[in-house]
Structures are given as structure tokens and as C-alpha cells.
Amino acid sequence: MDLEEIKKNVASEIEQARSGDELEAIRIKYLGRKQGLITEALKSIADMPIEEKKKFGPIIQKAKADIEAAIKFKENEGSSDDFIGDITLPGRKIESGHLNPITKTENEVRRIFEGLNFSVIDGPELEEEKYNFDSLNIPADHPAREMWDTFWLKPEGSSLAKNSVAVKKKYLLRTHTSPVEIRYMETHEPPFQIISPGRTFRYEATDSTHETNFHQLEGLMIGRDISLANFKFIVEEFFRRFFVGKKVTVRFRSSYFPFVEPGVEVDIKLDNGKWLEVGGAGMTHPNVLRAVKYNPREWQGFAFGFGIERLAMIKYGVPDARLFMSGDLKFTKKF
Ligand code: DAH
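Parameters and conventions
Residues take numbers from 1 onward in each chain, read along the sequence in its written order. For a predicted model such as this one, the threshold for reporting local features is a pLDDT of at least 70, and the threshold for listing and counting side-chain atom pairs is 80 or more; totals across whole chains, interfaces and linings nevertheless cover every residue. With hydrogens and water set aside, each side-chain value is computed from the structure's full complement of heavy atoms. Strands are runs of DSSP state E lasting at least two residues, helices are runs of H or I lasting at least four, and both sets are numbered from the N terminus onward. Throughout, the radius of gyration refers to the C-alpha atoms, and the reference size of a globule is 2.2 Å times the residue count to the power 0.38. Only protein chains enter the area calculation, which uses a 1.4 Å probe; residues under 20% of their type maximum are buried, those over 50% are exposed, and those in between are partly exposed. Residue contacts follow a heavy-atom distance rule, with two residues in contact if any of their heavy atoms lie within 4.5 Å. Where accessible areas are quoted, they stem from the Shrake-Rupley method and a 1.4 Å probe; at the residue level, only the protein chains shown are allowed to cover. Counted charges follow a simple rule, with Lys and Arg positive, Asp and Glu negative, and His plus the chain ends left uncounted. Every charge is mapped to an atom, namely NZ of Lys, CZ of Arg, CG of Asp or CD of Glu. Without a salt bridge and with relative accessible area above 30%, a residue can belong to a patch; like charges are then joined within 9 Å and nonpolar side chains (Val, Leu, Ile, Met, Phe, Trp, Tyr) within 5 Å. For salt bridges, the criterion is a side-chain nitrogen of Lys or Arg within 4 Å of an Asp or Glu carboxyl oxygen. Two strands pair if DSSP finds at least two bridges between them.

Chemist: Could you clarify how one ought to interpret the overall build of the protein chain in this entry?
Modeler: A count of helices and strands for the protein chain gives eleven helices and nine strands. Relative to the 2.2 N^0.38 estimate, which gives 20 Å for 335 residues, the radius of gyration of the protein chain is 31 Å and therefore markedly larger than a compact globule would have. Expressed along its principal axes, the backbone C-alpha trace of the protein chain runs to roughly 95 × 60 × 35 Å. Within the span of the protein chain, comprising 335 residues, buried residues form 41% of the whole. Across the protein chain, every contact between residues at least 6 apart in sequence was considered, and the portion connecting residues at least 24 apart equals 64%. Counting only carbon and sulfur atoms, one obtains 53% of the accessible surface of the protein chain, whose full area is about 19,500 Å². Separation of charge centres in the protein chain, based on 50 positive and 52 negative side chains, amounts to 3 Å.

Here it is, written out as C-alpha cells:
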């Protein structure tokens with residue numbers, strides 16, 4: 001049988017097929033591994049002289065692909081009236097997408113804080129040195145800069161930089177979400193309360209609790225009589241809603257961050273488990289308020305920064321922070 005004839009026959013046979021079994025019989029007749037007509041034709045290529053191989057190889061391959069596609073198409077028509085499929089076959093599963101657990105956690109966090117009357121705001125991941133450090137009370141010579149291993153961007157025209165007099169802005173990948181606080185305060189008047197979840201970057205070795213590419217949740221509330229007691233209420237309320245139905249205890253440990261005074265580390269304990277650190281917080285430092293032209297005698301506020309990976313690991317029982325950004329679908333599909 002020549003190829004044209006095969007193609008014509010197969011088309012009408014597929015057209016007339018009335019069940020999955022009939023289609024399968026057609027597939028075996030033409031594409032079956034043992035004596036399928038197309039399979040045999042493909043095998044026969046092996047013995048052809050090279051010129052013919054070049055000529056017929058692609059033609060037969062194309063015929064094979066066309067037949068496969070036609071069978072598939074017919075199968076997908078399975079539910080239409082003139083095709084009586086095997087209704088006892090299990091349905092074909094429709095693959096649906098999955099949100100990364102970080103996205104899920106971010107969405108929950110947004111929802112909870114919106115319920116507490118916070119606005120959700122955004123900021124750039126590529127940041128200026130001024131916002132990531134200086135305005136947060138961390139000048140260039142400050143030893144605290146070492147707390148944040150930084151991915152710096154090459155300065156523009158870097159080969160000339162040594163001799164150039166003009167002071168160029170320095171850019172980096174933000175090492176935390178705190179610069180968003182400065183950007184927001186520069187353009188808004190208090191009182192307000194905001195959160196800003198987003199991506200952050202650190203130039204450091206990775207392990208099960210450290211990733212170079214991770215996420216933070218920043219929060220800031222500025223008003224006339226704000227104290228750490230207000231923060232304690234908000235943070236307890238947040239965790240109560242985040243870990244639905246579980247008893248959560250929150251504790252503060254005294255700590256140091258240049259942009260707050262006093263500064264604390266925030267730990268939580270679920271039911272009767274261990275204390276787990278979730279981030280830092282404190283009362284916004286007067287130097288930070290001054291940097292955005294707020295009068296520290298008039299305005300006070302609290303700020304906090306939590307690790308979103310940390311929250312997701314605790315909530316969903318994920319053992320390794322590197323899984324989140326691994327791109328591994330086997331992992332994402334679990335959520
Ligand atoms: N930005 C800090 C960090 O990444 C976390 C932090 C600590 C944020 C205290 C705050 C804060 O807003 O008040 O290590």
C-alpha cells in the first residue's frame with residue numbers, strides 16, 4: 001500500500017470510529033509496534049540508499065505524527081454525540097495550576113492585615129543604597145551594615161568610576177523590605193498603618209533556613225501615641241488569625257536593629273512546642289523619622305520585619321527554606 005493510500009484510509013477510518021476501542025484498533029493497525037503499517041514503513045527506511053532515506057524519512061515521520069494527532073483529536077471529541085466513548089473509563093484529569101506556598105502565605109497575610117485596617121503597599125526590589133541603608137540609620141561606615149550581605153550592582157560606566165568626580169547613586173538588590181518604610185513615609189503623612197510583603201536578597205551561603213532569594217513582610221504603624229503595647233496587640237492578633245484554631249504565645253527578646261529603639265526579636269510558640277524566631281521589630285528610631293522629615297516629638301511608631309519563608313515553614317510544616325524557590329512542581333503540587 002502506498003503512503004497516500006494509507007493516509008486516505010486512515011483518515012476515513014478515524015472519522016468513522018465510534019468508540020475508544022475502535023480508535024485503539026486503528027492505532028494498532030497503523031502505529032502498532034509489531035506490524036503497524038506506518039511502523040513497518042519506518043523500518044523499511046533503514047535499508048534504503050542514503051538519498052532515498054533523506055527523501056522518505058521525513059515524509060513517513062510526518063504521516064506518523066499526523067495520524068497520532070488525528071487519533072488524539074478524535075479522542076478529545078469523545079464526548080460529542082456521534083462518538084460513543086467507553087463511559088466506564090475514568091475521566092481524563094484536568095491539570096490545574098498551584099500557588100507557591102509563599103504566594104499563599106503572602107495572600108493570607110494581606111487578608112489578615114487588611115482586616116486589621118492596614119494598607120498593603122509595594123516597593124522596588126532593585127533599590128538605592130540610600131533607602132536600603134542610609135535613611136534607615138545605617139550610614140556607609142556603620143558596622144551594622146555587616147548584618148546584611150549585599151548584592152551590589154556594578155556602577156554605571158564602572159571602568160571610569162575611579163576618576164569621575166560626580167557621586168553616583170549606588171544600587172543593590174534590597175536586603176530587606178525596610179526600605180519600603182522610607183519610601184512610604186517620604187510621600188505620606190501620618191497617621192497610617194501599612195504592610196509590605198515582598199522579595200529580598202542576600203549574598204550568603206544557603207542552608208535549610210537561608211536562601212539568597214527569600215521574602216519578608218514589613219510592617220509600619222505611625223501615630224501620635226503608639227507604643228510597643230500596640231505592636232504586641234497587633235502581632236498577637238495576627239498570629240491568632242494566621243494559625244487558625246491554635247494557641248499562639250508571643251514573646252519579645254531585646255535586640256539591636258539600627259532603625260528602631262528599643263529593638264526586639266519576636267518569637268512565637270505554638271501549643272506546647274519550642275520557641276521559634278519569626279523576625280525583628282521595635283519603635284521607629286528618631287533618626288529615621290527625621291530622615292523623612294517627621295517630628296519625632298510629635299510622631300512615634302512601631303515597625304516589624306518577619307520572614308515569610310519562616311511563617312510558611314511553620315504553618316505548612318516545610319523542612320527546608322530552599323524548597324520554596326526550587327521550581328520543583330512535586331513540591332508546589334502539595335499545596
Ligand atoms: N529589616 C530587618 C532585617 O531584615 C528586620 C526588621 C527588624 C525589620 C526590626 C523591622 C524592624 O522593621 O523594626 O533583618
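Chemist: What should I look at first to understand a nonpolar patch on the surface in this one?
Modeler: A surface patch of nonpolar side chains, amounting to about 240 Å² of accessible area, comprises Leu126, Leu153 and Tyr171. Structurally, the position occupied by leucine 126 is in strand 2 (residues 126-128).

Chemist: What is the right way to look at the pairing of strand 8 (residues 275-284) in this model?
Modeler: Every other side chain in a regular strand lies on the same face of the sheet, so the side chains alternate between the two faces. In terms of residue burial, strand 8 counts as a mostly covered element, since seven of its ten residues are buried. Pairing of strand 7 (residues 260-270) with strand 8, which is carried by eight bridges, proceeds in the antiparallel orientation. In the sheet register, glycine 263 faces strand 8, and the bridge partner there is glycine 282. Connecting the antiparallel pair strand 7 and strand 8 is a turn made up of four residues, with aspartate 271 showing a positive phi of about 40°. Here strand 8 pairs with strand 9 (residues 300-307) via five bridges, running antiparallel. Each residue of the ladder has a partner; that of glycine 279, found in strand 9, is phenylalanine 306.

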